[in-house]
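# Coordinate analysis (summary)
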Amino acid sequence: MKTNEELLNIAKEASKNAYCVYSKFPVGACVLYSGGNYYAGCNIENSSFGLTLCAERNAISTAIASGETGQIVKIAIYSPASKMCFPCGACRQWLNEFEKGQNIEIILEDEDGNCCSFTANELLPYNFRLNMI
Ligand code: THU
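Conventions used here
Residues numbered from 1 in each chain as written. Predicted model: local features only at pLDDT ≥ 70, side-chain atom pairs only at ≥ 80, totals over all residues. Heavy atoms only, no water. Pairing = 2+ DSSP bridges. Helix = DSSP H or I, 4+ residues; strand = E, 2+ residues; numbered from the N terminus. Axes fitted to C-alpha atoms, helices over the stretch in contact; angles between N-to-C directions. Contact = heavy atoms within 4.5 Å. Buried < 20%, exposed > 50% of the residue type's maximum accessible area, 1.4 Å probe, protein only. Arc of directions from axis to C-beta. Disulfide = S-S within 2.5 Å. Phe/Tyr/Trp six-rings, centres within 6.5 Å; stacked < 30°, edge-to-face > 60°.

### A look at the sheet that holds strand β1 (residues 28-33)
Across the sheet, which stays open at both edges, the five strands sit in the order β2-β1-β3-β4-β5 with mixed pairing between neighbours. At either end of the open sheet lies a strand with only one pairing partner, and these are β2 (38-42) and β5 (115-119). Averaged over all adjacent pairs, the angle separating strand axes in this sheet is 20°, with direction ignored. In this sheet, strand β3 (residues 72-78) lies alongside β1 in antiparallel orientation, the contact comprising six bridges. Bridged to G28 within β3 is Y78. Strands β1, β2, β3, β4 (105-109) and β5 of the sheet are contacted by helix α1 (residues 4-15), whose axis makes an angle of about 50° with β3.

### Looking at helix α3 (residues 89-97)
Here α3 has its buried residues at C91, L95 and N96. One side of α3 holds all its buried residues, which, seen down the axis, span an arc of 145°. In this fold, the buried residues of α3 make contact with α2 (55-65), β3 and β4.

### Brief notes about the state of the cysteines
A complete count under the given rule lists zero disulfides for this structure. Lacking any disulfide linkage, C20 is separated from the closest cysteine sulfur, that of C42, by 8.6 Å. We classify C20 as buried; its relative accessible area is 12%.

### As for the packing of aromatic side chains
Scanning all chains against the criterion turns up four aromatic pairs. Each ring, one from Y33 and one from Y39, has its centre 5.6 Å from the other, and the planes form 85°; the classification is edge-to-face. For Y33, a relative accessible area of 3% corresponds to the buried category. Residue class for Y39 comes out buried when judged on its relative accessible area of 12%.

Limitation: the analysis is restricted to geometry and does not speak to function.
Pasting the structure below:
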């Protein structure tokens, strides 16, 4: 299993691939699954701004497209443009979609360059859920 520091370093590497020609705000993410597999993602912007894909959703999409069937355990998020790069509301809701009682850990780099972490429930309490499934 990758450590929090390793996941953050993979997110840092992924941020170098960001396509962020409009905002100049690169973001990288690395999501760790219960079986130990991990997947990286970066943000991909679009001239039609609303179509921009965040790094976190890119990483989760890559996991699913790769056939991942485990549970999300942790996700590290990094931006060289901002310390403590918290996930946006849409990405919090995406994480919630795949949260099955395991309280996903969200790892960020703090002001001193150290890892710090929050739980998905801390960042999105009282989240929306369809009561269908
Ligand atoms: N961004 C992410 O990749 N993840 C987030 O959680 C928040 C924002 C990206 C989207 C856009 O390309 C840039 O950061 C500035 O908003």
